[in-house]
Amino acid sequence: MIQKSIPSLFTLGNLLLGMFGIMMALNGKIGMAAIMVIIAMLADCLDGRVARALGAESEFGKELDSLSDVVSFGVAPALIMYVTSLHDLHNALAWSVTAIFPMFGALRLARFNVHPGVPGYFIGLPIPAAGGVLATLSLFHKDVPPVFMVIAALLLSYLMVSTVKYPNFKKVGLPRKAVIGAPIVVIIAVAVAVVFPDQISKMIFVLLALYALYGFKQNVDRLAARRRRRNRRRSDDKAYHSKNG
């Protein structure tokens, strides 16, 4: 019984960190709020691996994970963005963009629970990656105009519900013996992040942004290829009609 509860403890830790992120953002501690989202990503990565290592995967754990992700990677990053960049904009715009991000994140999670995707890939940008980008991007709010944050939030929202394929690293296994060391990894990560909050957050931002842009580029390439095929068909049709007309 205890063994089957261990993965849920990591999931609840993810949720707890998301709540801490929200409270820190409301208290103006933006750097630490972003760090809470990043560490929540680590806990989210570990819960599934621990469940598979212990043979403790369950529908309950799957649903709990989705509910936690909505808070930690949907609501928390959106609130961080609002507090840092959007609060001075017109209420209709600021509130709409802030609400759209977690809503699209919830749609992404619901779709994943019903249609997990194809082996080795996620369909659409995973919400932890999208939330991580938004939370860490907010650290640049003094250098980035609010309109850029609006565009970034809407783009990330679109990528979450898109059909773009993203590499899936969550299936990488975790040895059963390594489960004991998983909490130590989280504790070390927290310590390092607290000591070097800005450096760690900005480094994570670069990695997550590259991951998100990879899918965006894939989508652009796919649309361009589709347009080229359509133009080629039109050219072939015109050549056929001119030859036989």
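Scroll up to find the structure this text is about.
Undergrad: Tell me about the overall build of the protein, and please be specific about residues and values.
TA: Scanning the protein from terminus to terminus reveals 8 helices and 2 strands. Listed N to C, the secondary structure of the protein is α-α-α-α-β-α-α-β-α-α in terms of helices and strands. For the protein, the residues scored as buried account for 43% of the 245 residues in total. A separation threshold of at least 6 residues defines the contact pool for the protein, and within that pool the share at least 24 residues apart is 84%. When the accessible surface of the protein is summed, it comes to about 13,400 Å², and 70% of that surface belongs to carbon and sulfur atoms.

Undergrad: Outline the packing of helix H4 (residues 91-114) against helix H6 (residues 146-161), supporting the account with residue identities and numerical values.
TA: Between H4 and H6, the least distance of the axes is 8 Å, while the angle of their chain directions is 15 degrees. With respect to their mutual orientation, H4 and H6 come out roughly parallel. Read as a crossing pair, H4 and H6 show a hand that is left-handed. Judged by residue contacts, Val97, Ile100, Phe101, Phe104, Gly105, Leu107, Arg108 and Arg111 of H4 engage Val150, Ala153, Leu154, Leu156, Ser157, Tyr158, Met160 and Val161 from H6. Within the contact of H4 with H6, the residues separate by chemical class into 12 nonpolar, 2 polar and 2 charged.

Undergrad: I'd like a description of helix H3 (residues 59-86), backed by residues and values.
TA: Because each turn of an α-helix spans 3.6 residues, side chains separated by three or four positions in sequence point in the same direction. Relative to the 40 Å expected for 28 residues at 1.5 Å per residue, H3 spans 37 Å between its end C-alpha atoms, a close match to the ideal helical length. The sharpest bend along H3 reaches about 30 degrees and sits at aspartate 69.

Undergrad: Quick one: what's the story with the environment of alanine 110, residue by residue and with numbers?
TA: Within the secondary structure, alanine 110 sits in helix H4. Looking at alanine 110, the relative accessible area reads 41%, which means it is partly exposed. For the pair alanine 110 and serine 66, spaced 44 residues apart in the sequence, the C-alpha separation amounts to 7.9 Å.

Undergrad: With reference to specific residues and values, describe the packing of aromatic side chains.
TA: For the coordinates displayed, the defined rule picks out 2 aromatic pairs. Ring plane angle 55 degrees and centroid distance 6.1 Å describe the contact between phenylalanine 112 and phenylalanine 122, whose orientation is recorded as tilted. You can see phenylalanine 112 sitting in helix H4 and its partner phenylalanine 122 sitting in strand E1 (residues 121-123), a full 10 residues away along the chain. Centre to centre, the rings of tyrosine 166 and tyrosine 211 are 5.2 Å apart; their planes meet at 50 degrees, and the pair counts as tilted. Note that tyrosine 166 is positioned in strand E2 (residues 165-167) and tyrosine 211 in helix H8 (residues 197-244), a separation of 45 residues in sequence. Here tyrosine 166 matches tyrosine 211 in class, with each residue buried.

Undergrad: I'd like a rundown of the nonpolar core, residues and numbers included.
TA: In this structure, Leu125 and Leu156 are the most contacted members of the largest nonpolar core, which totals 51 residues. Looking at this core, the elements that each hand over two or more residues are helix H1 (2-26), helix H2 (30-54), H3, H4, helix H5 (127-137), H6 and H8. A per-element tally of this core places H2 first, with 10 residues. Contacts of leucine 156, omitting those with residues within four sequence positions, involve Phe101, Leu125, Ala130, Val133, Leu134 and Ala212.

Analysis parameters
In this numbering scheme, every chain counts its residues from 1 along its sequence in written order. Local features in this predicted model are restricted to residues whose pLDDT is 70 or higher, and side-chain atom pairs enter the listing and the counts only when it is 80 or higher, whereas totals over whole chains, interfaces and linings include all residues. Side-chain metrics rest on all non-hydrogen atoms present in the structure, leaving aside hydrogens and water. Helix and strand definitions here come from DSSP, where helices need a minimum of 4 consecutive H or I residues and strands a minimum of 2 consecutive E residues; each element is numbered from the N-terminal end. Exposure classes here rest on a 1.4 Å probe applied to the protein chains alone. A residue is buried below 20% of its type maximum, exposed above 50%, and partly exposed in between. A contact between two residues is defined here by any heavy atoms of the two lying within 4.5 Å. All accessible-area figures derive from a Shrake-Rupley calculation using a 1.4 Å probe, and residue coverage is judged against the displayed protein chains alone. Only the stretch in contact is used when fitting a helix axis, every axis being a line fitted to C-alpha atoms; angles between N-to-C directions are given from 0 to 180 degrees. For classification purposes, angles smaller than 35 degrees are called roughly parallel, those larger than 145 roughly antiparallel, those between 65 and 115 roughly perpendicular, and all remaining angles oblique. Left-handed is the label given to a crossing in which the near helix is rotated counterclockwise from the far helix by less than a right angle, and right-handed is the label when the rotation is clockwise. Under the scheme applied, nonpolar residues are Ala, Val, Leu, Ile, Met, Phe, Trp, Tyr, Cys and Pro; charged residues are Asp, Glu, Lys and Arg; polar residues are all the others, including Gly. How far a helix is expected to stretch is found by multiplying one less than its residue total by 1.5 Å. A residue's bend is simply the angle between two axes: one fitted to the seven residues ending at it, one to the seven starting at it. Centres within 6.5 Å make a pair out of two Phe, Tyr or Trp rings, where for Trp the six-membered ring is used; the pair is then stacked when the planes are under 30 degrees apart, edge-to-face when over 60, and tilted otherwise. Residues belong to a common nonpolar core when they are buried Ala, Val, Leu, Ile, Met, Phe, Trp, Tyr or Cys residues joined through side-chain atoms within 4.5 Å.

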